[in-house]
Amino acid sequence: MTLISFVVPAFRVQGYLRECLDSILGQPETDIEVIAVDDCSPDASGDIIDEYAARDRRVHSVRLPENVGLGPARNIGLDRAVGEYVWFIDGDDWLTPECLTEVAERLRGTRPDVLLVDHVRTHWNDTATRSAMAEVFPESPGTGTFQLRDRPEAMRLLHTAWNRLVRREFLVDLGLRFAPGWYEDVSFSYPVLMAAQRIGVLDRVCVNYRQRRAGAITRTRGDRHFEVFPQWHRVFHLMDSWGSATDALRPAVFERMIWHYLTVLGNGQRIAPELRPAFFAQITADYERWLPPGGYPVPDGVEGIKHRLVAAGRWRTFSALRTASRARDTARRKARSARRRVGPVARRGARLTRDGLLREYYRAELHRPIDPTLAVYAAYWYRGYSCNPAAIYEVARTLAPGVRGVWIVRRDRVDTVPTGVDYVVAGTPAYFRVLARARWLINNVNFPDFVRKRPEQVHLQTHHGTPVKVMGLDQQRYPIGAGRMDFAGLLRRVDRWDYSVSANSFSTQMWDRAYPATYTTLEVGYPRNDRLVTAGPDEVRRLRAEFGLGSDEQVVLYAPTHREHLPGYRPPFDPDRFVRALGDSGRLLMRSHYFHDRDRRPGRPVDWERVRDVSGYQRVEDLYLMADVLVTDYSSAMFDYAVLDRPIVLYAPDWEAYRLARGVYFDVTAEPPGAVATTFADLLALFRTDAVRSEAATKAREHFRGRFCTLDDGRAAERVVRQVFLGEPSERSSRC
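Residues numbered from 1 in each chain as written. Predicted model: local features only at pLDDT ≥ 70, side-chain atom pairs only at ≥ 80, totals over all residues. Heavy atoms only, no water.

Asker: Mind showing me how you'd approach the overall build of the protein chain here?
Answerer: Helix and strand counts for the protein chain stand at 28 helices and 23 strands. In terms of C-alpha radius of gyration, the protein chain reaches 30 Å, essentially the compact-globule figure of 27 Å for 736 residues. With the principal axes as the frame, the protein chain shows a C-alpha extent of 95 × 65 × 45 Å. If you take every contact in the protein chain between residues at least 6 apart in sequence, the share linking residues at least 24 apart comes to 74%. With an accessible surface of roughly 32000 Å², the protein chain has 50% of that area assigned to carbon and sulfur atoms. (Helix = DSSP H or I, 4+ residues; strand = E, 2+ residues; numbered from the N terminus. Rg over C-alpha atoms; globule rule 2.2 N^0.38 Å. Contact = heavy atoms within 4.5 Å. Areas by Shrake-Rupley, 256 points an atom, 1.4 Å probe, with all protein chains shown as cover.)

Written out as structure tokens, the structure is:
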């Protein structure tokens, strides 16, 4: 018999589900199965489950035709489980490394009905908060088992399904199921403990309980939080049906119920002000209904006062106490903030330089009306007219002629702006004016921190690549690669986004976890790749002629990515040896700013007739169209170039070091877009033998294209324009 059946329900967790499944499947203990239940999720969760099931026989995919909710989805998984124990893990949480070894050892050694395990709350800023385990069990609970009546304090551990493993046969015999609705853990977790004859506690952190910045029900206001009441009613109805066997536990269970109700009421992110009196009234009603005949242990201090106010039904006094407490906390925060501002305020007059005056001008412009026809475009920190914003701009001029597009460019990049394109220079009064008054702000990176999002404005984040390396909040786990990145500031910028363009389902999944906020995802393909689809042979011949490239020459584009964590790093690449390996008809385009200087040093002669540095060339799409083969490492260039269905070579001489230091989302050497070389000698051999076009390389590219390029049909920019400018909803958009 399988030892553990993991039941993993999935609904809107596409950004986290891979980490969850990897954390289970990567454990040293392999006597497991995973029942992954797609609860008719509107995102790619179901596809991710199918992908894992296809490559690991321990994973079983269940696709539900309609959304049933977390509790019923768990029941469906339970019905399919065959393990001796069942462990319900939410799709956005994950296990700690190697924890399953100790879990399995304890299960086999003591055979408990229930094994409670420890957890930490893992926050978006990569900090963790310990559970109440150390408070509930100040001394180690040991390896033995007990009944709840002997150690009722076990009820003070968090009442979730995922911090306990339950013996499946015991659970089936008990006939306990998850109830529908929110707070479904309540009517499962407490009865399981009360009915168990053998409870074990493993005081080892096994679960990372993700505290999501967006999308969690604990951060969602609404009347559905009233569903906590019927869940607790189920607990007491069960106790009634079990008779006197649970009478001794009623006081402790009752105290937990009132504590939980007050926790929900006290969370301002759950119960709206207008609903709080009714919620409080229901607490009082339940207090009167379920109060044990002999009373219960009322907490000390402020918590005890709250309990007594509930018993008396005194909402106004309770509310006043809550208001006073919050006012005191607010005053303390303001005092601390004021102390921090003393220095900056004292220096403010000295800072009113030209930049300061322009910022004041910007703030004044924020009070003027929005220009309903103005769209502002920018790319790569104002480096010119390019990438997804340029593609969107060009289509908008045709489909939305009433929208006036203006570009922001640096002064030293003005000469790169095409004729007829309106622009302003960054840092000028006109720059601050358009930022303050534009209806639409379109960028492939974030606008500066001083930019304020006005209610009437629409921010469109287009991004500029499909991620191999980790991005956004995920970089917190890789401090070497992240440098001094301000993650709190990053999230303030992300909160300005209304739309996020995604090139493929994989990007959508990664953006969800890297940039958690409430924007709408436009999974439409990349606008900049439209040209790769629509350009015909005549345009390719024209571009090659302008570059002096013959139609019979083999043109290779080498485009490595930069290493943020290694600014002086130079991949081992010798242009002269490379073009000699290509043969007499080979030409090399190098898109990397440092190669030209490096390889023209004395003693390193290079055939510059056949090697051209194109690092400063504005439109990379032209380079893709001219190239017969792309050589790259971890650059997003591979995803764009794959649209052309031409050979790609992955040259990854520092893969292991890069993966460990910078962090990656998937193993690009295991799922490459074509042939792979890890040394320069191997790279030369691939071209000398024409292995870049081998059957294996072609199959790898086909698989890669099927995963990442299916949306690039030449109409991505049109789909963006129609939704963002014209208000025509896209079938490929979704709330994050």
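Picking up where we left off.
Asker: Looking at this structure, I do not really get the packing of helix α9 (residues 250-266) against helix α10 (residues 276-290). What am I missing?
Answerer: Each pair of packed helices can be summarised by the angle the axes make with each other and by the distance between the axes. It is the contact of α9 with α10, at a shortest axis distance of 11 Å, that shows an interaxial angle of 180°. Comparing their axes, α10 and α9 come out roughly antiparallel. Facing α9, whose interface residues are Phe 254, Met 257, Ile 258, Tyr 261, Leu 262, Val 264 and Leu 265, α10 presents Arg 276, Phe 279, Phe 280, Ile 283, Asp 286, Tyr 287 and Trp 290. The residue inventory of the contact of α9 with α10, partitioned by class, reads twelve nonpolar, no polar and two charged. (Axes fitted to C-alpha atoms, helices over the stretch in contact; angles between N-to-C directions. Parallel < 35°, antiparallel > 145°, perpendicular 65-115°, else oblique. Nonpolar A, V, L, I, M, F, W, Y, C, P; charged D, E, K, R; others polar.)

Asker: Is there a simple way to explain the side chain of Thr 96 in this structure?
Answerer: Among the structural elements, Thr 96 can be located in the loop between β5 (94-95) and α4 (99-110). Residue Thr 96 is classed as buried on the basis of its relative accessible area, which comes to 10%. Of the polar contacts made by the side chain of Thr 96, one reaches the side chain of Arg 204; its length is 3.2 Å. In contact with Thr 96, other than residues within four places in its own chain, are Gln 27, Arg 204, Val 205, Cys 206, Val 207 and Asn 208. (Buried < 20%, exposed > 50% of the residue type's maximum accessible area, 1.4 Å probe, protein only. Polar contact = N/O pair within 3.5 Å; in protein donor to acceptor, adjacent residues only side chain to side chain.)

Asker: Honestly, the nonpolar core in this entry has me stumped. Any pointers?
Answerer: The tendency in soluble globular proteins is for nonpolar side chains to be buried as a group. Residues Tyr 377, Leu 460, Tyr 515, Leu 557, Val 724 and Phe 725 are the most contacted members of the largest nonpolar core, which totals 83 residues. Among the elements that take part in this core, helix α23 (residues 620-626) stands out by supplying five residues, more than any other. Among residues more than four places away in sequence, those in contact with Phe 725 are Ala 375, Tyr 377, Ile 392, Ala 396, Ala 400, Val 403, Trp 440, Ile 442 and Val 720. In this structure, Val 114, Tyr 183, Leu 262 and Phe 318 belong to the second largest nonpolar core, which totals 62 residues. (Core = buried A, V, L, I, M, F, W, Y, C linked by side-chain atoms within 4.5 Å.)

Asker: Would you take a moment to explain unusual backbone geometry for this structure?
Answerer: Glycine aside, negative phi is the norm for most residues, and most peptide bonds take the trans geometry. Here Glu 98, not a glycine, exhibits a phi torsion of approximately 65°, which is positive. Considering the arrangement of structural elements, one finds Glu 98 in the loop between β5 and α4. In this structure, Trp 381 takes a positive phi of about 55° despite not being glycine.

Asker: Whenever I open this one, empty space enclosed by the protein confuses me. Can you help?
Answerer: To locate leftover empty space, one rolls a probe as large as a water molecule over the atoms. On inspection of all chains with the given rule, the structure shows four cavities of 30 Å³ or more. Computed from the structure, the largest cavity encloses a volume of approximately 200 Å³. If you trace the largest cavity, you find 16 residues lining it, with His 123, Trp 124, Arg 210, Leu 473 and Arg 513 closest to the centre. Only β6 (114-123) and β9 (199-211) provide two or more residues apiece to the lining of the largest cavity. Split into classes, the residues belonging to the lining of the largest cavity amount to five nonpolar, four polar and seven charged. Of the volumes computed, that of the second largest cavity is approximately 60 Å³. (1 Å grid on protein atoms, 1.4 Å probe; cavity = no way out; pocket = protein on both sides within 12 Å on 5 of 7 lines; lining within 4 Å. Points joined across faces, edges and corners; volume = space filled by probe spheres on them.)

Asker: Can you walk me through the pairing of strand β15 (residues 499-502) in this structure?
Answerer: Covered by surrounding structure in β15 are Tyr 499 and Val 501 together with Ser 500 and Ser 502, the residues of both alternating faces. The pairing of β15 with strand β16 (residues 520-523) spans four bridges and is parallel. Of the residues in β16, the one forming a bridge with Ser 502 is Glu 523. (Pairing = 2+ DSSP bridges.)

Asker: How do you make sense of the pairing of strand β13 (residues 438-443) when you look at a structure like this?
Answerer: On any regular strand, side chains alternate: one points to one face of the sheet, the next to the other face. Burial analysis of β13 places five of its six residues in the buried class, the great majority of the element. Bridge analysis of strand β10 (residues 371-378) against β13 gives five bridges, and the strand direction is parallel. Looking across to β13, one finds that Ala 375 is bridged to Trp 440. Relative to strand β14 (residues 458-461), β13 runs parallel, the two being bridged by four bridges. Opposite Trp 440, over in β14, you have Val 458 as the bridge partner.

Asker: For this particular structure, what's the right way to read the state of the cysteines?
Answerer: The bond known as a disulfide is covalent and runs between the sulfur atoms of two cysteines. Here the structure, examined in full by the defined rule, presents zero disulfides. Of all cysteine sulfurs in the structure, the one in Cys 99 sits closest to Cys 20, which takes part in no disulfide; the separation is 11 Å. (Disulfide = S-S within 2.5 Å.)

Asker: Explain helix α7 (residues 186-195) to me, please; I cannot follow it from the model alone.
Answerer: Residues spaced three or four apart along an α-helix face the same direction, because each turn holds 3.6 residues. Burial analysis of α7 places nine of its ten residues in the buried class, which makes it a mostly covered element. Turning to α7, its buried residues are Val 186, Ser 187, Phe 188, Ser 189, Tyr 190, Pro 191, Val 192, Leu 193 and Met 194.

Asker: Would you explain the side chain of Arg 164 in this entry?
Answerer: You can see Arg 164 is positioned in strand β8 (residues 164-167). An unpaired buried charge is present at Arg 164: no salt bridge exists, and Asp 185, the closest side chain of opposite charge, is 8.0 Å distant. Among the polar contacts made by the side chain of Arg 164, one reaches the main-chain carbonyl oxygen of Thr 160 at a distance of 2.8 Å. Within the local environment of Arg 164, its side chain forms a polar contact with the side chain of Asn 163, the two groups lying 3.0 Å apart. (Lys, Arg positive; Asp, Glu negative; His and termini not counted. Salt bridge = Lys/Arg side-chain N within 4 Å of Asp/Glu carboxyl O.)

Asker: Just to check I follow, could you spell out the pattern of salt bridges for this structure?
Answerer: Pairs may arise between side chains of opposite charge once their charged atoms sit close together. For the structure on display, the rule yields 58 salt bridges. Here Arg 250 and Asp 240 are joined by a salt bridge, their closest N and O atoms 2.4 Å apart. In this pair, Arg 250 sits in helix α9 while Asp 240 sits in helix α8 (residues 228-242), placing the two residues ten residues apart along the sequence. The partner of Arg 701 in a salt bridge is Asp 645, with the nearest N and O atoms 2.9 Å apart. One end of the pair, Arg 701, is in helix α27 (residues 695-708); the other, Asp 645, is in the loop between α24 (637-641) and β21 (648-651), and 56 residues separate them in sequence.

Asker: What exactly am I supposed to notice about the sheet that holds strand β19 (residues 611-613) here?
Answerer: By definition, the strands of a sheet pair up through backbone hydrogen bonds, in either a parallel or an antiparallel sense. What the six strands build is an open sheet, ordered β19-β18-β17-β20-β21-β22; its pairing is parallel. Only two strands of the sheet have a single partner each, and these edge strands are β19 and β22 (675-677). Across this sheet, the average inter-strand angle for adjacent strands is 20°, counted without regard to direction. As defined by bridge partners, strand β18 (residues 586-590) adjoins β19 across three bridges and the pair is classed as parallel.

Asker: Looking at this model, I keep getting lost on the packing of helix α13 (residues 354-365) against helix α15 (residues 429-437). Mind explaining?
Answerer: Interaxial distance between α13 and α15 falls to 9 Å at its minimum, and their mutual angle equals 30°. Comparing the axis directions of α13 and α15 gives the class roughly parallel. Relative to α15, the crossing made by α13 is right-handed. Taken together, the residues of α15 that come into contact with α13 (itself represented by Arg 354, Leu 358, Arg 359, Tyr 361, Tyr 362 and Glu 365) are Pro 429, Phe 432, Arg 433, Leu 435, Ala 436 and Arg 437. When the residues that make up the contact of α13 with α15 are grouped by side-chain class, the tally is seven nonpolar, no polar and five charged. (Left-handed = near helix turned anticlockwise from the far one by under 90°.)

Asker: I would appreciate a short explanation of a nonpolar patch on the surface in the present structure.
Answerer: On the surface, Val 302, Ile 305 and Leu 321 cluster together to form a nonpolar patch covering roughly 220 Å² of accessible area. Secondary-structure assignment places Val 302 in helix α11 (residues 301-312). (Patch = residues over 30% accessible without salt bridge, like charges linked within 9 Å, V, L, I, M, F, W, Y side chains within 5 Å.)

Asker: Hey, could you run me through the packing of aromatic side chains in this one?
Answerer: For any pair of aromatic rings, the description rests on two quantities: the centre-to-centre distance and the angle between the ring planes. Per the counting criterion, the structure on display carries 48 aromatic pairs. With centroids separated by 5.3 Å and ring planes inclined at 80°, the aromatic side chains of Phe 506 and Phe 666 adopt a geometry described as edge-to-face. Taken together, the residues Phe 506 in helix α18 (residues 505-514) and Phe 666 in the loop between α25 (655-662) and β22 connect sequence positions 160 residues apart. The class for Phe 506 is buried, based on a relative accessible area of 3%. Centroid distance Phe 506 to Phe 708: 5.5 Å. Interplanar angle 90°. Geometry classified as edge-to-face. Of this pair, Phe 506 sits in helix α18 while Phe 708 sits in helix α27, and the two are 202 residues apart along the sequence. As far as burial versus exposure is concerned, Phe 506 and Phe 708 are alike and both buried. One aromatic cluster is present, formed by Tyr 558, Phe 573, Phe 578, Tyr 651, Phe 680 and Phe 687 through successive ring pairs. Sitting above the plane of the Phe 146 ring, Arg 151 keeps its charged end 5.7 Å from the centroid. Over the ring of Phe 666 we find Arg 707, and its NZ or CZ is 5.3 Å from the ring centre. (Phe/Tyr/Trp six-rings, centres within 6.5 Å; stacked < 30°, edge-to-face > 60°. Lys NZ or Arg CZ within 6 Å of the ring centre and 35° of its normal.)

Geometric values such as these leave the question of function open.
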